[in-house]
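Residues per chain are reported as follows:
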Amino acid sequence: MLARRLRSTLPALSRRWQTTASTTAIEPPSASGHSSSVASSQLLRTTRESALRTPGISWQDEESDRNFVGGRETRKMNLYQAVRDALSIALAKDDSAVIFGEDIAFGGVFRCTMGLAEEFGRERVFNTPLTEQGIAGFGIGLASMGHTAIAEIQFADYIFPAFDQLVNEAAKFRYRSGGHFSIGGLTVRTPTMAVGHGGLYHSQSPEGFFMGASGLKVVIPRSPIQCKGLLLSAIRDPNPVIFMEPKVLYRSAVEQVPIDDYALPLSRAEILIPGSDLTLLTWGTPVYHCESALRLLNFPPPSLAPLIPRSLRSAKVELIDLRTILPWDIETVVESVRRTKRLVIVHEAGMTGGVGGEIAAEVGKRAFLRLEAPVRRITGWDVPAALQFEKFNMPDAVRILDGIMETLSY
């Protein structure tokens, strides 16, 4: 609807990016991999008080009162620093923990393991050959012998050579042994999603390929606080976990992060913005595009104002971060849809075979009679992520706004 009307108003379209960039800080990621729409997000917890009151936070230290927050400290961190902080805590508290992957001994491509080899020794933080299948298989072997194995696949785009090890071995390890053996100590970290200039082999979102791999967990955080807490939970979870870190958020997302050991629950979605008229479900980087879309809906800039009916500008949209993709939080999502009666799902991966299709089917089964509009999916196109057209492949704020308006108007 909005897209068709935009095509008929080319002068407004030509001014759209300038206007929205100046009024709502919405612009494509720069070549440096930084997104200003993330940096200015109201969803980030930039004060000590808000950080310590993060919903679901569970302190893992040895103090008698784990709920006490008065004396706790926070530190300003971006997402890759939060990853490093979590890994440092895991190594310090668990003598069996080891970290390995391509180039990680000197910090890795995104510097998530900087200084860990010097701090904990190169027998615990070490490089591997360039073989993703070998990295996954080595991690399975280590975990089967009782170690906490924290592997890194340098880019999620290259996780496919490890697919057999992860899906046929890691996911089935406990089942095939009748529960006698486990590799719950295995965590596989990998950078995922688009960065603005990654092209075919550095911008994919492969989480959907693992939806049928019962026995694995798949987690995607949205911010530094979430990343640290969810990563520590993943490392300590009694199941193998694939932990996917959105690349563009490594430096764009900055929060005050508690320096103590804490956990956030897996398989638990979080309602970021409560609402009553529509449920907007997403994870990872698109959380911030969804936030921008809601800002455009409620406070449209002059170039978009004629295209957004006033009757829709007061709509209360409930924004949910799924966080754990497998197994996902069915109860929270379905309860929200039963209240709002509408669902829009946003993810960077292509539509065909994407996670959104599984969610839409489950919601249709459990809440069909409550729906007042078809479930809408706003995704990447079913094409490779070509370098110069990457921006047009991503579900940006305007495409999300278009989907929200069509669903509200159905």
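Everything below is about the structure printed above this text.
Predicted, not measured: the structure shown is a model, and the values here were computed from it.

All right, on to unusual backbone geometry then. The peptide bond linking Leu326 to Pro327 adopts the cis configuration, its omega dihedral lying at -10°. Positive phi, close to 70°, is recorded for Asp103, a residue that is not glycine. Along the chain, the position of Asp103 falls in the loop between strand 3 (97–101) and helix 6 (116–120). Residue Asp103 is classed as partly exposed on the basis of its relative accessible area, which comes to 32%.

An ideal rise of 1.5 Å per residue puts 18 Å on 13 residues; helix 12 (residues 286–298) measures up with 18 Å between its terminal C-alpha atoms. Buried residues dominate helix 12, accounting for 11 of its 13 residues. Taken together, the buried positions of helix 12 are occupied by Pro286, Val287, Tyr288, His289, Cys290, Glu291, Ser292, Ala293, Leu294, Leu296 and Leu297.

What follows concerns the nonpolar core. In terms of nonpolar packing, the biggest core is built from 75 residues, with Leu280, Leu297 and Ile404 touching the most fellow members. If one sorts the elements of this core by residue count, helix 5 (residues 79–93) sits on top with 9 residues. Dropping the residues within four chain positions of it, Leu280 is found in contact with Cys290, Leu294, Val317, Glu318, Leu319, Ile320, Val344, Val346, Ile400 and Ile404.

Here we come to helix 8 (residues 163–170). Within helix 8, burial applies to Gln165, Leu166, Val167 and Ala170. Buried-residue contacts for helix 8 involve helix 7 (132–144), helix 9 (173–176), strand 6 (186–192) and strand 8 (241–246).

According to the stated counting rule, one finds 9 aromatic pairs in the structure shown. Judged by centre distance (5.1 Å) and plane angle (80°), the rings of Phe100 and Phe138 are edge-to-face. Placement of the pair is Phe100 in strand 3 and Phe138 in helix 7, with a sequence separation of 38 residues. Between Phe163 and Phe210 the ring centres are 5.3 Å apart and the planes differ by 45°, which places this aromatic pair in the tilted class. Here Phe163, found in helix 8, pairs with Phe210, found in the loop between strand 6 and strand 7 (217–219); they are 47 residues apart in sequence, far enough to count as distant. Given a relative accessible area of 27%, Phe163 falls into the partly exposed group. Given the relative accessible area of 1%, Phe210 is considered buried. Ring pairing ties together the aromatic residues Phe110, Phe155, Tyr158 and Tyr250, which thus form one cluster. One residue, Arg72, lies across the ring of Trp59, its end atom 4.2 Å from the ring centre. Sitting over the face of the ring of Trp381, Arg399 holds its NZ or CZ atom 4.0 Å from the ring centroid.

The next subject is the pairing of strand 12 (residues 278–282). In terms of burial, strand 12 is a largely internal element, 5 of the 5 residues being buried. Every second residue of strand 12 is oriented toward a common face, with Leu278, Leu280 and Thr282 on one face and Thr279 and Leu281 on the other, all of them buried. Of the pairings in the sheet, the one linking strand 12 to strand 13 (residues 317–321) comprises 5 bridges and is parallel in character. The partner of Leu281 across the bridge, within strand 13, is Ile320.

Calculation notes
- Residues numbered from 1 in each chain as written.
- Predicted model: local features only at pLDDT ≥ 70, side-chain atom pairs only at ≥ 80, totals over all residues.
- Heavy atoms only, no water.
- Helix = DSSP H or I, 4+ residues; strand = E, 2+ residues; numbered from the N terminus.
- Buried < 20%, exposed > 50% of the residue type's maximum accessible area, 1.4 Å probe, protein only.
- Expected span 1.5 Å × (residues − 1).
- Core = buried A, V, L, I, M, F, W, Y, C linked by side-chain atoms within 4.5 Å.
- Contact = heavy atoms within 4.5 Å.
- Phe/Tyr/Trp six-rings, centres within 6.5 Å; stacked < 30°, edge-to-face > 60°.
- Lys NZ or Arg CZ within 6 Å of the ring centre and 35° of its normal.
- Pairing = 2+ DSSP bridges.

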